[in-house]
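Residue-level structural notes
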Amino acid sequence: MPLIELTSFNLSDDVKRNLVNELAKTASEVTGKPLEYFTVVIREVSGPEAWGHRGKCLG
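The text that follows walks through the structure, step by step, so that each part is easy to find. Keep in mind that this is a model prediction, so the values were computed, not measured.

Thresholds applied
Residues numbered from 1 in each chain as written. Predicted model: local features only at pLDDT ≥ 70, side-chain atom pairs only at ≥ 80, totals over all residues. Heavy atoms only, no water. Pairing = 2+ DSSP bridges. Helix = DSSP H or I, 4+ residues; strand = E, 2+ residues; numbered from the N terminus. Right-handed = clockwise from strand over helix to strand, strands pointing away. Buried < 20%, exposed > 50% of the residue type's maximum accessible area, 1.4 Å probe, protein only. Contact = heavy atoms within 4.5 Å. Polar contact = N/O pair within 3.5 Å; in protein donor to acceptor, adjacent residues only side chain to side chain. Phe/Tyr/Trp six-rings, centres within 6.5 Å; stacked < 30°, edge-to-face > 60°.

Here's the deal with the pairing of strand β1 (residues 3–8)
Alignment of β1 against strand β2 (residues 39–44), held across six bridges, turns out to be parallel. Each residue of the ladder has a partner; that of Ile 4, found in β2, is Val 40. Once you follow β1 into helix α1 (residues 13–31) and on to β2, the crossover reads as right-handed.

What follows is the structure in structure tokens.
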């Protein structure tokens, strides 16, 4: 069972639904595996303060 994981923050429910649909659909087309085998997990962090780059928070 292929698993696609995406980590982000501040995504609306509509954006999450679209991502789940489009990521699974594209992966199915690229790999040739049936769409029903794909699972998509969106991990959300609390906000930009929970992310860091070059030693500094993004928020």
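Considerations on the environment of Ala 27
Relative to the helices and strands, Ala 27 resides in helix α1. Residue classification places Ala 27 among the buried residues on the basis of a relative accessible area of 16%. For the pair Ala 27 and Phe 38, spaced eleven residues apart in the sequence, the C-alpha separation amounts to 8.1 Å. Other than its neighbours up to four places away in sequence, Ala 27 contacts Ile 4, Gly 32 and Phe 38.

Some thoughts on the side chain of Lys 16
With respect to the secondary-structure elements, Lys 16 resides in helix α1. A distance of 2.9 Å separates a polar atom in the side chain of Lys 16 from a polar atom in the side chain of Glu 44. Those residues in contact with Lys 16, other than ones at most four positions away along the chain, are Leu 11, Ile 42 and Glu 44.

Notes on the packing of aromatic side chains
Scanning the entire structure with this criterion turns up one aromatic pair. Relative to Trp 51, the ring of Phe 9 lies with its centre 5.4 Å away and its plane at 70 degrees, an arrangement referred to as edge-to-face. Placement of Phe 9 in the loop between β1 and α1 and of Trp 51 in the loop between β2 and β3 (52–53) is noted, with a sequence separation of 42 residues between them. Classification of Phe 9 by relative accessible area gives partly exposed; the value is 22%.

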